[in-house]
Amino acid sequence: MTRLNGQRMDANVVVLGTDNVGKSALTVRFLTRRFIGEYGDIESLYTHNVVVDGREQTLNIWDAPYSQDLSFESLMCEKRVQWADGFVLVYSICDRASFNAVSRLIQTIKTTKDFLGLEKMPIVIVGNKRDLHHRRTVLSEEGRLLALSADCQFYEVSAAENYHSVLMVFHGLVDRIRESRVSAKKLAGIKGIVKSMSAVFTRRRTDSL
Ligand SMILES: Nc1nc2c(ncn2[C@@H]2O[C@H](COP(=O)(O)OP(=O)(O)OP(=O)(O)O)[C@@H](O)[C@H]2O)c(=O)[nH]1
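Conventions adopted
Residues numbered from 1 in each chain as written. Predicted model: local features only at pLDDT ≥ 70, side-chain atom pairs only at ≥ 80, totals over all residues. Heavy atoms only, no water. Core = buried A, V, L, I, M, F, W, Y, C linked by side-chain atoms within 4.5 Å. Buried < 20%, exposed > 50% of the residue type's maximum accessible area, 1.4 Å probe, protein only. Helix = DSSP H or I, 4+ residues; strand = E, 2+ residues; numbered from the N terminus. Contact = heavy atoms within 4.5 Å. Salt bridge = Lys/Arg side-chain N within 4 Å of Asp/Glu carboxyl O. Near = heavy atom within 4 Å. Polar contact = N/O pair within 3.5 Å; in protein donor to acceptor, adjacent residues only side chain to side chain. Areas by Shrake-Rupley, 256 points an atom, 1.4 Å probe, with all protein chains shown as cover. Nonpolar A, V, L, I, M, F, W, Y, C, P; charged D, E, K, R; others polar. Phe/Tyr/Trp six-rings, centres within 6.5 Å; stacked < 30°, edge-to-face > 60°. Pairing = 2+ DSSP bridges.

Undergrad: Can you explain the nonpolar core? Please cite residues and give values.
TA: Counting 30 residues, the largest nonpolar core has L26, F30, V88 and F170 as the members making the most contacts within it. Looking at this core, the elements with two or more residues in it are β2 (8-16), α1 (23-32), β3 (44-52), β4 (55-63), β5 (86-92), β6 (123-128) and α5 (163-208). Considering each element in turn, this core owes the most residues, 8 residues, to α5. With sequence-adjacent residues up to four places away left out, L26 is seen in contact with V88, V90, V126, N128, V157, A159, V166 and F170. If you look at the next biggest cluster of nonpolar residues, it comprises 29 residues, including V14, F87, F99 and V102.

Undergrad: Describe in detail the pattern of salt bridges, supporting the description with residues and values.
TA: Applying the stated criterion across every chain yields a total of 9 salt bridges. Two residues, D53 and R178, come together in a salt bridge whose shortest N-O distance is 3.7 Å. Here R178 lies in helix α5 and D53 lies in the loop between β3 and β4, a separation of 125 residues in the sequence. One salt bridge in this structure joins D151 and R176, with 3.8 Å as the shortest N-O distance.

Undergrad: Hey, could you go over the site of the ligand for me, with residue numbers and the actual values?
TA: Contacts to the ligand come from 21 residues, most closely from K23, S24, A25, G37 and D131. D131 places a side-chain nitrogen or oxygen 2.8 Å from a nitrogen atom of the ligand. Within the backbone of A160, one N or O atom sits 3.1 Å away from an oxygen atom of the ligand. The fraction of the free accessible surface of the ligand (650 Å²) that becomes covered by protein chains is 84%. In terms of residue count, the dominant contributor to the shell around the ligand is α1 (3 residues). Residue classes in the shell around the ligand are distributed as 7 nonpolar, 8 polar and 6 charged.

Undergrad: Residue-level account of the packing of aromatic side chains, with values.
TA: All chains considered together, the criterion is met by 4 aromatic pairs. The interplanar angle of 90° and the centroid separation of 5.5 Å between the aromatic rings of W62 and W83 together place this pair among those described as edge-to-face. With W62 in strand β4 and W83 in helix α2 (residues 70-83), the pair connects residues that are 21 residues apart, well separated along the chain. Overall, W62 belongs to the buried group, its relative accessible area being 14%. Look at Y91 and F99: their rings are 4.9 Å apart centre to centre, the planes differ by 70°, and that puts the pair in the edge-to-face class. For the pair shown, Y91 and F99 are each scored as buried.

Undergrad: Would you mind going over the side chain of N12 in detail, with residue names and values included?
TA: For N12, the position within the fold is in strand β2. Residue N12 is classed as buried on the basis of its relative accessible area, which comes to 7%. Only 3.0 Å separates the side chain of N12 from the backbone oxygen of W83, close enough to count as a polar contact.

Undergrad: Quick rundown of the pairing of β3? Include the residues and the values.
TA: Consecutive residues of a regular strand have side chains that alternate between opposite faces of the sheet. Alignment of β3 against β4, held across 9 bridges, turns out to be antiparallel. Along β4, the bridge assignment pairs S44 with D63. Counting the residues in the hairpin turn of β3 and β4 gives 2 residues, including D53, whose phi is positive at 50°.

Undergrad: Go over unusual backbone geometry, please, and point to the residues and values.
TA: Positive phi values are uncommon outside glycine, yet R33 reaches one of about 70°. Topologically, R33 is positioned in the loop between α1 and β3. You will see that K129, though not glycine, has its phi angle at about 70°, which is positive. Positionally, K129 belongs in the loop between β6 and α4 (140-150). Classification of K129 as partly exposed rests on a relative accessible area of 21%.

This is the structure we're talking about:
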C-alpha cells in the first residue's frame, strides 16, 4: 500500500490486460525508454524511482498475467486489489476482445474493492498500438467513453513508437493515487471529528441523566 514519508511516496501498480496487448512493452518502455519487440510471457515485478511534479516516487510495478478462467481471475483480482494502489488496464486498439476484457476488469476491480471495503481505486485505461491505426477496431471515442463512465483516466499510446505518451500514463496514475490518498486522509479526518463529537455528546447526555 502507499506510504508517504515527507515528500517520498511508495505506490504499488498493477498492469493488466489480455494476452499480446503490449503490457510488457508498455512497462519496459516506461522503465528503460526502450522498445525491444519481444518480451516472453513471464510475470514480472519491478521497482522504479521517478520524480513526478518535483516529488520522488518509488513505484512497484507488477506486470500481471490474465486468465480466461473467470473464477481464477476473480481470485487473482482480490489479491491484486489488496496489493495495488492503482491499475493500468491495457487493451490493443486492433483487438476488440481486449477492449471488452478491460470493461469486465473494471467491474471486477470495483466489485472486489467494495467487497474488501476499500476506498476508490485509481485506474488508468490505455489503448495501445496506436501506430497500427490502419488495423484499428476500437475507436478512440469508445475508450474515452468507457473511461468517462467508469471515472478513469484514458490514454491512447504506441509503446512501439513513443516514450513520452507512456510516461504520461504512469505520471497520470501517480497523480490519481496522490489525489485518492489526499481524499482518504480528509475523509479519515472528518470521520475522526464526527467520532469525537458524538463521544462528547453521548457523555453530556449520560452526565445529565
Ligand atoms: N505495433 C506495435 N506492436 C506492439 C506495441 N506494443 C507491443 N507490441 C507488440 O505486441 C506483442 C505483444 O507485446 P507484449 O508486450 O509481450 O504483450 P503482453 O500484453 O505483455 O503479452 P503477454 O505476455 O501475452 O501477456 C509483441 O510482439 C510486441 O512487440 C505497439 O505499441 N505497437
